[in-house]
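# Coordinate analysis (summary)
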Amino acid sequence: MSKFLVKTAVCFLITVQILLQPCIALELDLSVDDEIRKNYNPSKLELDALPPLPSISPSSQAPSKPPLEPIEIPAAKPAGNLPPLVPADKKPLISKVDKSAAVRIKKGTKFKVKSSQAISDSSRIGTRLSFVSQSPVTQRYLTIPQGTVFKGEIADSHLPQLSGNGGLIVIAIDSIVIKGSTHSINAKITKVNHKKVFFNNIKGKRLYWKGVTNSLKPGTKFYKKMMKTTSKLADNPFTVLLSPVTVIAGVSVYAVNFVGSPLFGLFNKGGRISIPAGTEFEIKILDDIYLY
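All figures in this text were calculated on a predicted structure; none of them were measured in a lab.

Cut-offs used in this document
- Residues numbered from 1 in each chain as written.
- Predicted model: local features only at pLDDT ≥ 70, side-chain atom pairs only at ≥ 80, totals over all residues.
- Heavy atoms only, no water.
- Phe/Tyr/Trp six-rings, centres within 6.5 Å; stacked < 30°, edge-to-face > 60°.
- Helix = DSSP H or I, 4+ residues; strand = E, 2+ residues; numbered from the N terminus.
- Buried < 20%, exposed > 50% of the residue type's maximum accessible area, 1.4 Å probe, protein only.
- Pairing = 2+ DSSP bridges.
- Salt bridge = Lys/Arg side-chain N within 4 Å of Asp/Glu carboxyl O.
- Polar contact = N/O pair within 3.5 Å; in protein donor to acceptor, adjacent residues only side chain to side chain.
- Contact = heavy atoms within 4.5 Å.
- Axes fitted to C-alpha atoms, helices over the stretch in contact; angles between N-to-C directions.
- Parallel < 35°, antiparallel > 145°, perpendicular 65-115°, else oblique.
- Nonpolar A, V, L, I, M, F, W, Y, C, P; charged D, E, K, R; others polar.
- Expected span 1.5 Å × (residues − 1).
- Bend = angle between axes of the 7 residues up to and from the residue.
- pLDDT = per-residue confidence, 0-100.

Under the defined criterion, the tally for this structure stands at five aromatic pairs. Relative to Phe150, the ring of Phe111 has its centre 4.9 Å away and its plane inclined at 55 degrees; by these criteria the two rings are tilted. Here Phe150 lies in strand E7 (residues 149-158) and Phe111 lies in strand E2 (residues 110-115), a separation of 39 residues in the sequence. Residue classification places Phe111 among the buried positions, given a relative accessible area of 2%.

Encoded structure:
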């Protein structure tokens, strides 16, 4: 019961203190400040108490910097009105061919030409070549005269390789010169020295089977030698017992050589390609050519 009375008394005192707080607040009297201002001049007192500022002549002042000129930033233009990167007078003009007003050289047209330089499977890729036509070719409204120059380059080449693979030359014809004007074309080689060229690949002879045949020669030679020796041994009564040995040796070597000949043929290289200048070629146009 005493604890309850103590708690009640403490709560009562706290409540009374909170209620009486506004009543005991201090109220400052500001009338004293007004009396001082009437009897004294605060501004004058400040001027008398502070030392005078030093006088600075205009000549000793630091030269003033000229004002910065404003920088004008052009307003951003919309993307659709951007100026061209290349001036209009210097930009290359790309004009489309008006097929209705042009003369057409039909695709499939063939030209007999001669090479102006020697070509071989050791020629580097990218080597430029030229060919000269040997007879005129007539198309509708146009005759391509004799002496027309075709130009191209070696697109691929390699020397003879193992497994009997021969050398290779691939020639891409890419331009024709007619009356001093060069025109881009797409053409290929179809014949060399009147021999057909398949898929534009000028190939050297494939000599795999020749390598297989050559690999059989040592075995065949040894077998024949053993057969002659066997015949000599059989004629002599003292050496006749040795004749089966030579037969077995000859047959064994030949059999091993025969079975291994396909493998031995892989180490044989194919034939080289060497085309002298002035060789006759046949060029076939793969796409229509339009000329003005």
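Structure's up, so let's keep going.
This part takes up the pairing of strand E8 (residues 168-178). Counted residue by residue, E8 has eight buried out of 11 residues, so it is predominantly covered. Bridge count between E7 and E8: nine bridges; the pairing is antiparallel. From the neighbouring strand, Val149 faces E8, where its bridge partner is Val177. Sheet analysis places E8 next to strand E11 (residues 201-203), joined by three bridges and oriented antiparallel. Looking at the pairing, Ile169 lines up with Ile202 of E11. Between E8 and strand E9 (residues 181-192), which pair antiparallel and follow one another directly, the connecting turn spans two residues, one of which, Lys179, has a positive phi of 55 degrees.

Take the pattern of salt bridges next. Within this structure, the stated rule accounts for four salt bridges. Close ionic contact of Arg104 with Asp288 constitutes a salt bridge, the shortest N to O distance being 3.5 Å. Residue Arg104 is found in strand E1 (residues 103-105), and its partner Asp288 is found in the loop between strand E13 (280-285) and strand E14 (289-291); the two are separated by 184 residues along the sequence. Note on Arg104: relative accessible area 37%, which makes it partly exposed. With a relative accessible area of 31%, Asp288 lands in the partly exposed category. Between Glu153 and Arg128 there is a salt bridge whose closest N-O contact spans 3.5 Å. A residue pair is termed long-range when its members are at least 10 positions apart, and Glu153 in strand E7 and Arg128 in strand E4 (residues 128-133) qualify at 25 residues. The exposure class of Glu153 is partly exposed, given its relative accessible area of 30%.

Moving on, we come to the side chain of Asn257. Mapping Asn257 onto the fold places it in helix H5 (residues 243-264). Exposure remark for Asn257: the relative accessible area of 8% places this residue in the buried category. Among the polar contacts made by the side chain of Asn257, one reaches the main-chain carbonyl oxygen of Ser215 at a distance of 2.7 Å. Dropping the residues within four chain positions of it, Asn257 is found in contact with Ser215, Leu216, Lys217, Pro218, Gly219, Thr220 and Phe264.

Attention now moves to the packing of helix H4 (residues 208-235) against H5. Interhelical geometry of H4 versus H5 gives an angle of 180 degrees and a closest axis separation of 8 Å. Here H5 runs roughly antiparallel to H4, going by the angle between their axes. Within the contact of H4 with H5, the residues separate by chemical class into 18 nonpolar, 10 polar and one charged.

With 22 residues, H5 ought to run about 32 Å at 1.5 Å a step, and its terminal C-alpha atoms sit 30 Å apart, in line with that. Considering bend angle alone, the principal kink of H5 is centred on Phe258 and spans about 30 degrees; proline Pro262 follows within four residues of it. Those residues of H5 not exposed but buried are Ser243, Thr246, Gly250, Asn257, Gly260 and Ser261. In the core, the buried residues of H5 are packed alongside H4.

Averaged over every residue, the pLDDT of the protein chain is 77; residues scoring 70 or more account for 68%. In the predicted structure, residues 78-95 sits below a pLDDT of 50 and forms one contact with residues beyond four places in sequence or in another chain.

This part covers H4. Across its 28 residues, H4 extends 42 Å between first and last C-alpha, which sits within 8% of the 40 Å expected from 1.5 Å per residue. Taken as a whole, H4 carries its principal kink of about 30 degrees at Lys217; the proline Pro218 stands between one and four residues after it. Of the positions making up H4, those classed as buried are Tyr208, Gly211, Val212, Ser215, Leu216, Gly219, Met226, Thr230 and Leu233. Tucked into the core, H4 has its buried residues touching H5.

What follows is about the pairing of E7. Side chains on a regular strand alternate between the two faces of the sheet. One ladder, built from five bridges, connects E4 with E7; its direction is antiparallel. From the neighbouring strand, Val132 faces E7, where its bridge partner is Val149.

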